Amino acid sequence: MQPKIMMKKKSISASKASLVLFLCQMISALDVPLDLSQPPTITQQSPKDYIVDPRENIVIQCEAKGKPPPSFSWTRNGTHFDIDKDAQVTMKPNSGTLVINIMNGGKAEAYEGVYQCTARNERGAAISNNIVIRPSRSPLWTKEKLEPNQVREGDSLVLHCRPPVGLPPPIIFWMDNAFQRLPQSERVSQGLNGDLYFSNVQPEDTREDYICYARFNHTQTIQQKQPISVKVFSMDSLNDTIAANLSDTDIYGARPVTERQPVLLTPTGSTSTKVELRGNVLLLECIAAGLPTPVIRWIKEGGELPANRTFFENFKKTLKIIDVSEADSGNYKCIARNTLGSAHHVISVTVKAAPYWITAPRNLVLSPGEDGTLICRANGNPKPSISWLANGVPIAIAPEDPSRKVDGDTIIFSQVQERSSAVYQCNASNEYGYLLANAFVNVLAEPPRILTPANKLYQVIADSPALLDCAYFGSPKPEIEWFKGVKGSILRGSEYIFHDNGTLEIPVAQKDSTGAYTCVARNKLGKIQNEVQLEIKDPTVIIKQPEYKVIQRYGQVSFECIIKHDSTLLPTVIWLKDNDELPDDERFLVGKDNLTIMNVTDKDDGTYTCIVNTTLDSVSASAVLTVVARPNPPFDLELTGQLERSVELSWIPGDENNSPITNFVIEYEDGLHEPGVWHYQTEVPGTQTTVQLKLSPYVNYSFRVIAVNEIGRSQPSEPSEQYLTKSANPDENPSNVQGIGSEPDNLVITWESLKGFQSNGPGLQYKVSWRQKDVDDEWTSVIVANVSKYIVSGTPTFVPYEIKVQALNDLGYAPEPSEVIGHSGEDLPMVAPGNVQVHVINSTLAKVHWDPVPLKTVRGHLQGYKVYYWKVQSLSRRSRRHVEKKILTFRGNKTFGMLPGLEPYSTYKLNVRVANGKGEGPASPDKVFRTPEGVPSSPSFLKITNPTLDSLTLEWGSPTHPNGVLTSYILKFQPINNTHELGPLVEIRIPANESSLILKNLNYSTRYKFYFNAQTSVGSGNQITEEAVTIMDEVQPLYPRIRNVTTAAAETYANISWEYEGPDHAHFYVEYGVAGSKEDWKKEIVNGSRSFFVLKGLTPGTAYKVRVGAEGLSGFRSSEDVFETGPAMASRQVDIATQGWFIGLMCAVALLILILLIVCFIRRNKGGKYPVKEKEDAHADPEIQPMKEDDGTFGEYSDAEDHKPLKKGSRTPSDRTVKKEDSDDSLVDYGEGVNGQFNEDGSFIGQYSGKKEKEPAEGNESSEAPSPVNAMNSFV
């Protein structure tokens, strides 16, 4: 749909308004001020034809002005009406209006007649029109005997109303006894004369209360005619009546309702005439009888019906032309037509005209000695005659005036004097009416006067006309001149228009037009001037107009109307809907510059107009709102043309709800096989309302239709009637026939059964046939019920079979089915692939070859070969991982495959197996191969300790994954200045058996960056970095530093710990990412000022890089560390908290602790000594106890002095104390030896050691028995 946006602009100072103002000013300029002598002027009078209510007082108006004030008199029926002699009649004071008192005993009928008012003073007399007074009448209906109307079905009928003659004529309508209007249609309608016409009657027209009502508006009464009875005999009942009275051979006994061509009921005959007066409404009527009901059409012979003035009423039976003129005369033909023929009638229309003005006489003001004319010109049909009166007396018998001369429709005055003042009447009349006009001649000698108020302010919109008023009076007529400003020159030129009434017009006023304007009026008797002010305002503009909107039902829509206006004008904004007020509904929200409609409904569809009004101008803009919705459901579904395999379906579309219907979806229900389930049948374009549907036999069809538009689908229509098709042989066979054995000695034949409507008849069964392929066997067949599977037993293993399945029902077989190939059941392969060879390509990739097995030994569908491989041993270190076999499957009859992801410097085994649909065959002998060395992983840690003026101590751990034999370590370092610029790089090679190094000859108070990696014979591994600073004056520096970042990784998480030197209350963050990846670092904030953090959600078996930083210290962070998460392993943990032995052990421990507490309490009370150190150790936090990473058991302790390990199997005493000779009072001495690790919950699980690094343990063996407490903690 195209946008529909409309905008209009109106201005009070626009051209139309200026013309009206100009005319008003011109008339006012001819008015004589009331303080000057002037003849009477009639200002108000009653209408010529005055119908009065006989129950109320009669008021006959006559008002006039003049100087001196006029006196009034009346005539009645052409003679003087002496009101003083009639007590019922009074005249209002200072007025000529008569009041006839009817309510106090007077009768309106006594005052019928023609009245005329005369207003007179010393300068003349003015007269009113002839006012015809008639009281309204509403007589009763005359009594009449109404016979019942008995009509045969299909005949025409006219019910006559014949209302009583009233004044004015009554309004006629037909109702029933319940005061409900009788419905009218093309078949039944009311004529202009009030009669009720039936083009043809139907049985439903039978009733006994056809009542004609006449409403008399003047008296506000309604008269009722007696009810009329109509009884319509249908042909069935008429045949029954005739059959009872006449013989069977009577011709009327079988006579049907007779269709007939149109016949005009009114008007009668073929032609008629009609006379109408100019300006009236022309009504022409044609009502026809006929069956089927005729349709009426109107034409004008030799011309067109007038556009914009022609209307059709009463179901096109009445032609209405408003404001007729002589041009509308001519022949009008009505044509009544039905399927059997037509009838017509010609109405000859003549338009006559009562007199109407061409030039009405106007008041004339002259000064003594001036000349003037009065002109009275009128037209009509026939042409009216013109007659003159002077002061109410025919001019022929009026006193003579030498200054006047009558020339037909003109009176010429020359050299008038004061005695020439008078009132002249012009009468134009013909047989259809008359016109009467008063015009005075007033002879005065007056100096100029300006009637416009002084300093009057005019406000005009820019670029609009400005009209400055200078209403004046004077005799002789003054001359008018305009000046701008006090001393400005006289205004002349094309940019100004000077009107005869003194108005100055500026056609296009601009901002510079603002200012004071002076009007000067002068005649021979004097001069006067007046000043007015003009202000130019900015126009009101809608800068953001409402726009065309399409909205779905129940949505929300908003129209904008943003305006710009002059700052001195106060605008008001009004919203209209379809040029009427907005509905009184809270859903319509009017804002400052918008209109919002909530929960839009279909009734909101229409044109919305924003009107902005100021005191000077008005602008508006409109936009159309189209409310769209899903279409209404189709209705009136009908089935026609029923055949065995097809039917035609038709329907009537529902309302499309402003969104065109794109297509119709037809669905069907099979009431015989699947009642209540609707299936898709077909769909057709939205312009189509019928469709030919293909049908299947033995289906009880019902159809429904769904309409679709851009918004969505309608609700389904009501179902059509049901249609049951006849049975037939099946048209098709089952689909998806397959033969696959489930056991080595059977063949399972399956198929997709036919749906209910595909059976085509009752008794659906299947004929299943099979035979071994490539063998001269006969077909074996069985007939099974309506199932979808049949099993053939005793077949050889995996041999091909030809299979077919045919449908049949009680009427016969379906067409011959096509054959498919299936196989009997598979068995496991018999032999393993041979000649397995492995070619190692590099340290992580190997290629394996094998010979294919013979296809006969596969005994099934070959699916491929599976290679099982697993790592036996790491040649560089003992493996801590359980043996995990990996499987790679190679589809089809491939004879080689690649094994990726191998670990360098390791021993592997593999074997190969063949697989079919049943499973895998035997494995080939295990093949052993080794991978060569690779580059190592990064060193496990790098610590820098003991900073001095010129030296630093470096300590490191060997790589987690050496991937070969380490040959050396490479250390590179370079200084960093205060602007973070790097100095020259120094490289040192370190033997592989070293684990620490003291760097000397360094610069004091200098920061260094270190790069450290390991090497094998293959090459260098990933490096680890760290930064450190030498000290100044042997004093520990105060700059911040994060050092000794260590990690302890599990499968999906890692414990990160670090040491911090620097200002208090630092806030740390941890950044990490996949090692070698170019992705951005991920950042985690550490709560508080802790020096540990747990990274969760990591990927098993992945190398990560990590670094630690402090918030607020720009660019300050630790060196990078690299760690690798453990591989994903099946959980072998057991919840020991539920084990009986564990519960017993805990109870024993609790009892032992209780006894210990009692002993301690007794010793204290006895004053015995209890070492503080022992007390602290007894209540130490159990989480400080070291745990091994792999299995959660206690780790190994080493003394700070002799580093002797605890004996294997030893256990900490149950009271958690440590002997004095085995421990010091604090952990300070461990200092740099802390290799702290944290559990996933942040608890410390690292190992304590002295100055010398503890050698890593080999294997999974523990030097201590597992602690139940820590074991429990590891499972929480």
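Residues numbered from 1 in each chain as written. Predicted model: local features only at pLDDT ≥ 70, side-chain atom pairs only at ≥ 80, totals over all residues. Heavy atoms only, no water.

## Description of the sheet that holds strand E9 (residues 98-100)
Quick reminder of the rule: Here the rule is simple: two strands pair whenever DSSP picks up at least two bridges between them. Secondary structure elements follow DSSP: runs of H or I of four or more residues count as helices, runs of E of two or more count as strands, with numbering from the N terminus. Here, axes are lines fitted to C-alpha atoms. For helices the fit covers the stretch in contact, and angles between N-to-C directions go from 0 to 180 degrees.
Read across the open sheet, the three strands follow the order E4-E9-E8; overall the sheet is antiparallel. The open sheet terminates on both sides in strands that have one partner only, identified here as strand E4 (58-60) and strand E8 (89-91). Each strand axis lies, on average, 20° off the axis of its neighbour in the sheet, ignoring direction. Here E4 pairs with E9 via three bridges, running antiparallel. By the bridge assignment for E9, Ile-58 is matched with Ile-100.

## Quick look at the packing of aromatic side chains
Rules: Stacked, edge-to-face and tilted labels apply to pairs of Phe, Tyr and Trp rings (six-membered ring for Trp) whose centres lie within 6.5 Å, assigned for plane angles under 30 degrees, over 60, and everything in between, in that order. Burial here depends on accessible area, computed with a 1.4 Å probe over protein chains only, as a share of the maximum for the residue type. Under 20% is buried, over 50% is exposed, and the range in between is partly exposed. A ring is scored as having a charge over it whenever the NZ atom of a lysine or the CZ atom of an arginine sits within 6 Å of its centre and within 35 degrees of its normal.
Scanning all chains against the criterion turns up 23 aromatic pairs. Judged by centre distance (6.4 Å) and plane angle (40°), the rings of Tyr-1008 and Phe-1010 are tilted. Of the two residues, Tyr-1008 and Phe-1010, neither departs from the other in class, the shared state being buried. The residue whose ring lies beneath Arg-76 is Phe-81, and the NZ or CZ to ring-centre distance is 6.0 Å.

## Section: the side chain of Glu-826
Worth spelling out the cut-off: Counted as positive: Lys and Arg. Counted as negative: Asp and Glu. His and the chain ends are not counted at all. One side-chain nitrogen of Lys or Arg within 4 Å of one carboxyl oxygen of Asp or Glu is enough to make a salt bridge. We define a polar contact as two N or O atoms separated by no more than 3.5 Å, with the added condition that, inside protein, one atom must be a possible hydrogen donor and the other a possible acceptor, whereas residues neighbouring each other in sequence contribute only through side-chain atom pairs. Any pair of residues with heavy atoms lying within 4.5 Å of one another is described as a contacting pair.
Positionally, Glu-826 belongs in the loop between strand E72 (820-823) and strand E73 (834-842). Buried within the structure, Glu-826 lacks any salt-bridge partner; Lys-918 is the closest side chain of opposite charge, at an N-O distance of 8.5 Å. Engagement of the side chain of Glu-826 in a polar contact is seen with the backbone nitrogen of Gly-917, the distance being 2.9 Å. Every residue in contact with Glu-826, bar those within four places of it in the chain, is listed here: Glu-743, Pro-744, Thr-797, Phe-798, Arg-859, Gly-860, His-861, Asn-916, Gly-917 and Lys-918.

## Some words on the sheet that holds strand E86 (residues 1024-1029)
Strand order across the open sheet formed by four strands is E83-E82-E85-E86, with antiparallel pairing between neighbours. Each edge of the open sheet is held by one strand with a lone partner, namely strand E83 (986-991) and E86. The sheet shows a mean angle of 25° between the axes of neighbouring strands, direction not considered.

## Some points on the state of the cysteines
The criterion, for reference: For the purposes of this analysis, a disulfide is any pair of cysteine sulfur atoms at a distance within 2.5 Å.
Taken as a whole, this structure holds six disulfides when the rule is applied. What pairs with Cys-62 in a disulfide is Cys-117, and their sulfur atoms sit 2.0 Å apart. Between Cys-62 and Cys-117 the sulfur-sulfur dihedral comes to about -70°; the bridge is accordingly left-handed. Placement of the pair is Cys-62 in strand E5 (residues 62-67) and Cys-117 in strand E10 (residues 113-121), with a sequence separation of 55 residues. Overall, the relative accessible area of 0% leaves Cys-62 in the buried class. Among the cysteines of the chain that take part in disulfides, numbered as they appear in the sequence, the pairing is 1-2, 3-4, 5-6, 7-8, 9-10, 11-12.

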